[in-house]
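# Descriptive analysis of the structure
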Amino acid sequence: KQKLKDNALLKKSYSLAKKNWNTENFSWSTSLKRSLIDVFKIDRLRPLQLQTMNAFLSNEDIILVMPTGGGKSLCYQLPAVISKGITIVVSPLVALMEDQLYGLHRLKVNAMMLNSKAPKEDVKTIMMGLIDNKSDLRLVYVTPEYMAKSNRFMSKLQKAFEMKRLDRFAIDEVHCCSQWGHDFRPDYKFLGILKTMFPGIPILGLTATAPAKIIVDVQKMLDIQGCLVLRASFNRPNLFYEVRRKLSDKDKCTEMIVNLLKNRFSGKSGIIYTTTIKESEQLKADLRGHGLKVGCYHAMLEAEHRTKVYSKWITGEYQAVVATIAFGLGIDKPDVRFVIHHCISKSMENFYQESGRAGRDGKKSTCILLYRLMDVFKLSTMVFQDKVGLQNLYKILAYCLDRTSCRRSLIATHFEETWTKSDCKEMCDHCLKSQQKKELDIGPYCRHLYQIIANAAQGEQKLTPLKLIDAWYNKGAAALRVAGVPTPKFPREIGEAIVGHLLINGYLQEDFHFSAYSTLTYVKKGPKSGLALANDHKIIVEMMDH
Ligand code: ADP
Ligand code: MG
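Here is a short report on the structure shown in this document. Here the structure is a predicted model, which means the values were calculated and not measured. (Residues numbered from 1 in each chain as written. Chains lettered and ligands numbered in written order. Predicted model: local features only at pLDDT ≥ 70, side-chain atom pairs only at ≥ 80, totals over all residues. Heavy atoms only, no water.)

Side chains Leu139 and Tyr141 project from strand 4 (residues 139-142) onto one buried face, and the interleaved Val140 and Val142 project onto a second face that is buried too. Sheet topology places strand 2 (residues 86-90) next to strand 4; 4 bridges connect them, and they run parallel. Residue Ile88 lies in a different strand from strand 4, and its bridge partner there is Val140. Taking the sense of rotation as the criterion, the β-α-β connection linking strand 3 (residues 111-114), helix 6 (residues 120-130) and strand 4 turns out right-handed. (Buried < 20%, exposed > 50% of the residue type's maximum accessible area, 1.4 Å probe, protein only. Helix = DSSP H or I, 4+ residues; strand = E, 2+ residues; numbered from the N terminus. Pairing = 2+ DSSP bridges. Right-handed = clockwise from strand over helix to strand, strands pointing away.)

As structure tokens, then:
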């Protein structure tokens, strides 16, 4: 029976996908075009926008997967503007809603928002607007929490539905429905009742999170299995991707960034991402010390101050903003020419989004990721409690360790797309200058590290990654060094890369402990250590020359 049902769903989604949504023969096509120009002042639609709007206006349920900045919001805003009733937009963050309301009010579109902090009068206006045929209220933004908690709102919605005033639901950041998503929100579960409570009212789920597993989960949760799924490509052909080894000497690292800003990116605008607030303050001060005009942006600054930094950057007074990831929401600067990651991101997803703030105008822009193994451990203690936090972090570590593959093709696999070298057009470091593939068996080194770990265990000592590598290089505490283990002849970065490879392949693993003030990470043998103990077990990785 289940099989029959699955087959029917498959058939449905297939025929939906086959239908030509990309035409202007629908009854609303003329008015859609007119409002696009008159209200939104936009002259051309971007890929998939027309398809999405046509299907949505045809009352189909849709999941739209499109990279951030691709223009998802217009897909429900424009249909709302040309309709008489109400569109409910579910959005997880008040800051996101505020951005959108600000934009819509400038275009003279009547939109309001409901959340736990909404003023009483606003709530009243919205509740009345929902059931008033004469109201010109078009969009109501609401948090899932508010929906789940407010019976008053739900009963007004029901009334609006009976009056045929409820046109459509849009659910932004719809991956929050799924446990597999990176930011699962329990309140999104409540949205599972929409389909039963409001039969026939179409749902449009929007997200920049692509994995099929998550999409299937979301469909189930929302009870829209077999719905139309539209996917835009995530390839950003104008972005040049580059990974550089981050020098362990802090001043040298700063100098490298100074050099980039003064030469390659001279007169150009960009963002430099750091992990912590402290680092962003420090780097700002260091760069200013070299005469550069940069500002700093993070969550601990007053809103007023942040706005000032932002506008100095927009107007070009600042060449770059040194920021934590708090700097992201609502950035709408088309000519960002470079994004430098001073430290790796938490996941490929984050990296893609952050670096993707470059080159929105379609012109060539550069994304440089500075990588050091030790930075991974700073992040791992922050993310390991997430279900898939560590897994995601190791994926970006693997991206950094990769010595030969096209960066673009590596990013593509993350989004379950396949891009080949020809999609890259030499727009990444590896395609531009192809590297000689050099394979190396790191099995022997693995066994050396195990000896150091065993020795430490005997002395009832735990090894932080730093101590492990120190001991290997015959540095640090004497008790942790092992006489029989040869000191590597290659530079420390290579040693770090070897440890990185062993971690991502399960030969080593991190071991987390809580102390009174922080979480510590130690290194121990990984699940595959049984294999590696045999002297003839080979662990082949691609390595740089050494
Ligand atoms: P997303 O939600 O996919 O991240 P947004 O909906 O916030 O993206 O849109 C990003 C920016 O692109 C906004 O400034 C929006 O006004 C603009 N935009 C959307 N569609 C178009 C279009 N067809 N032409 C020009 N600009 C557009
Ligand atoms: Mg959006």
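So, on to helix 8 (residues 151-162). Its 12 residues place the ends of helix 8 17 Å apart at the C-alpha level, agreeing with the 16 Å of an ideal helix rising 1.5 Å per residue. All of the buried residues in helix 8 are Phe153, Met154, Leu157 and Ala160. Each buried residue of helix 8 lies within a common arc of 115° when the element is viewed along its axis, so the set occupies one face. In helix 8, the exposed positions that point more than 90 degrees away from the buried face belong to Asn151 and Glu162. Among the residues trailing helix 8, Lys164 stands out with phi positive, at a value near 60°. (Expected span 1.5 Å × (residues − 1). Arc of directions from axis to C-beta.)

Moving on to the sheet that holds strand 7 (residues 228-231). Ordered by their spatial adjacency, 7 strands build an open sheet running 3-4-2-5-6-1-7, and the pairing between neighbours is parallel. Strands at the two margins of the open sheet, each flanked by one partner only, are strand 3 and strand 7. Between one strand axis and the next, the sheet turns through 20° on average, direction left out of account. Where strand 5 (residues 166-171) lies against strand 6 (residues 203-207), 3 bridges are found, and the strand directions are parallel. (Axes fitted to C-alpha atoms, helices over the stretch in contact; angles between N-to-C directions.)

Ile88, Met147, Phe153, Leu157 and Phe169 are the most contacted members of the largest nonpolar core, which totals 119 residues. Per element, the largest residue contribution to this core is 7 residues, and it comes from helix 16 (residues 389-401). Beyond its immediate chain neighbours, meaning those up to four positions away, Phe153 contacts Ile88, Leu114, Met127, Leu130, Val142, Tyr146 and Met147. By size, the runner-up hydrophobic cluster in this structure holds 38 residues, among which are Leu36, Leu57, Leu74 and Leu230. (Core = buried A, V, L, I, M, F, W, Y, C linked by side-chain atoms within 4.5 Å. Contact = heavy atoms within 4.5 Å.)

Turning our attention to the sheet that holds strand 8 (residues 239-245). Within a sheet, neighbouring strands are paired by backbone hydrogen bonds and run either parallel or antiparallel to one another. In space, the 6 strands of this open sheet follow the order 8-13-12-9-11-10, with parallel pairing throughout. Edge positions in the sheet fall to strand 8 and strand 10 (294-297), since each of these pairs with one other strand and no more. Neighbouring strand axes in the sheet, compared pairwise and without regard to direction, differ in orientation by 20° on average. Bridging between strand 10 and strand 11 (residues 320-323) involves 4 bridges; their strand directions are parallel. Paired with Gly295 across the two strands is Val321, which belongs to strand 11.

With phi around 75°, Leu48 is a residue other than glycine that occupies positive phi space. A positive phi angle, close to 50°, is found at Glu460, a residue other than glycine. One can find Glu460 in the loop between helix 20 (443-458) and helix 21 (465-472).

Before going further, it helps to examine the pairing of strand 1 (residues 62-65). Side chains of strand 1 alternate between two faces, with Ile62 and Leu64 and Ile63 and Val65 buried alike. In this structure, strand 1 lies alongside strand 6, joined through 4 bridges in parallel fashion. Within the sheet, the bridge partner assigned to Leu64 lies in strand 6 and is Leu206. Where strand 1 lies against strand 7, 4 bridges are found, and the strand directions are parallel. Each residue of the ladder has a partner; that of Val65, found in strand 7, is Arg231.

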